[in-house]
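# Per-entry structural report
In case you want the letters, here they are:
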Amino acid sequence: MNFQTMIADLTGLDIANASLLDEGTAAAEAMSMSCSLCKTDANAFFISEACHPQTIEVVRTRSRARGIDAIVGNHAAFDFGRPVFGVLLQYPSSDGTLWDYSDFVQRAHQAGALVTVAADLLALTLLRPPGEFGADIAVGNSQRFGVPPGYGGPHAAFFATRDVYK
């Protein structure tokens, strides 16, 4: 309960789970959830190239198994001309860049896509929560917040979302 409350507070989202295996599988679960909730015929999921490489690869692998087209590219240049049911962003990015995703999230929602943000919990103690800039789902791992390997997975992950999606 304490872990879930902390995750909800740091992500700015309504509900959180206890743990998942790792950040990559949490991101893949977010893709699956976004696909299930999709109100369009889109069968593609956009992944920012600024995401951690291991997360990108896990999501790509899961997308192939589900018949989903995974598109990896530059989020700043993505124009939503190709329909996608969801997107994955990294906050901060894999190289440490802090992007203001507010405009991108707004464009994603206008295109009918759900937004997942893979976030660093320790960074979220200082940064604007993903829920505040419109993210629908936040995922990440708890390693940098003091949960060691083997306590819930390689590094126990979190998954938070809006109450409307429970």
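Residues numbered from 1 in each chain as written. Predicted model: local features only at pLDDT ≥ 70, side-chain atom pairs only at ≥ 80, totals over all residues. Heavy atoms only, no water.

## Let's talk about the overall build of the protein chain
What counts here: Helix and strand assignments come from DSSP, with helices taken as H or I runs of at least 4 residues and strands as E runs of at least 2, each series counted from the N terminus. Atoms counted for the radius of gyration: C-alpha only. Globule rule: 2.2 Å times residue count to the power 0.38. We call a residue buried when its accessible area falls under 20% of the maximum for its residue type, exposed when it is over 50%, and partly exposed in between, using a 1.4 Å probe and counting protein chains only.
Counting its regular elements, the protein chain contains five helices and seven strands. Beginning at the N terminus, the succession of helices and strands in the protein chain can be written as α-β-α-β-α-β-β-α-β-α-β-β. Against the compact-globule benchmark of 15 Å for 166 residues, the protein chain has a radius of gyration of 14 Å, which places it among compact chains. Its C-alpha atoms put the protein chain at 40 × 30 × 30 Å along the principal axes. Every one of the 166 residues in the protein chain was classed for burial, and the buried ones make up 49%.

## Concerning the environment of serine 142
Along the chain, the position of serine 142 falls in the loop between strand S6 (137–141) and strand S7 (157–161). With 116 residues separating them along the chain, serine 142 and alanine 26 place their C-alpha atoms 12 Å apart.

## Notes on the pairing of strand S5 (residues 114–119)
Here is the rule: Strands are treated as partners if at least two bridges between them are detected by DSSP. The handedness of a crossover follows from its direction of travel: if, with the strands pointing away from the viewer, the path from the first strand over the helix to the second runs clockwise, the crossover is right-handed.
Burial runs high along S5: six of the six residues are buried. Here S5 shows two buried faces, one formed by Leu114, Thr116 and Ala118 and the other by Val115, Val117 and Ala119. With six bridges joining them, strand S4 (residues 86–91) and S5 adopt parallel strand pairing. In the strand pairing of S5, valine 87 is matched with valine 115. With helix H4 (residues 102–110) bridging S4 and the parallel S5, this β-α-β connection has right-handed handedness. Note that S5 and S6 share three bridges and pair parallel. Along S6, the bridge assignment pairs alanine 118 with valine 139.

## Brief notes about the packing of aromatic side chains
Under the convention used in this document: Within 6.5 Å between ring centres, the rings of Phe, Tyr and Trp (the latter by its six-membered ring) count as paired, and their orientation is classed by plane angle as stacked under 30 degrees, edge-to-face over 60, tilted in between.
Applying the stated criterion to the full structure yields eight aromatic pairs. For the ring pair phenylalanine 46 and phenylalanine 104, a centre distance of 6.3 Å and an interplane angle of 45° mean the geometry is tilted. One end of the pair, phenylalanine 46, is in strand S2 (residues 44–48); the other, phenylalanine 104, is in helix H4, and 58 residues separate them in sequence. Each of the two residues, phenylalanine 46 as well as phenylalanine 104, counts as buried. Between the aromatic rings of tyrosine 101 and phenylalanine 133, the centroid separation amounts to 6.2 Å while the plane-to-plane angle is 45°, which identifies the pairing as tilted.

## Section: the packing of helix H2 (residues 23–37) against helix H3 (residues 53–66)
How two helices sit against one another is set out by the angle between their axes and by the gap between those axes. Note the cut-off: Angles shown run from 0 to 180 degrees and are taken between the N-to-C directions of axes, each axis being a line fitted to C-alpha atoms and, for helices, limited to the stretch in contact. Each angle receives one of four descriptions, namely roughly parallel if under 35 degrees, roughly antiparallel if over 145, roughly perpendicular if within 65 to 115, and oblique otherwise. The sense of a crossing depends on the near helix, which, turned anticlockwise from the far helix by less than a right angle, makes the crossing left-handed and, turned clockwise, makes it right-handed. In this analysis, two residues are considered to be in contact whenever any of their non-hydrogen atoms come within 4.5 Å of each other. Each residue gets one label: Ala, Val, Leu, Ile, Met, Phe, Trp, Tyr, Cys and Pro are nonpolar, Asp, Glu, Lys and Arg are charged, and the others, such as Gly, are polar.
Direction vectors running N to C along H2 and H3 enclose 40°, while the axes themselves pass 8 Å from each other. The pairing of H2 with H3 is recorded here as oblique in orientation. Our pair here, H2 against H3, has a crossing hand that is right-handed. Contacts from Glu23, Gly24, Thr25, Ala27, Ala28, Glu29, Met31, Ser32 and Cys35 in H2 reach Thr55, Val58, Val59, Arg62, Ser63 and Arg66 in H3. Of the residues assigned to the contact of H2 with H3, the class counts are six nonpolar, five polar and four charged.

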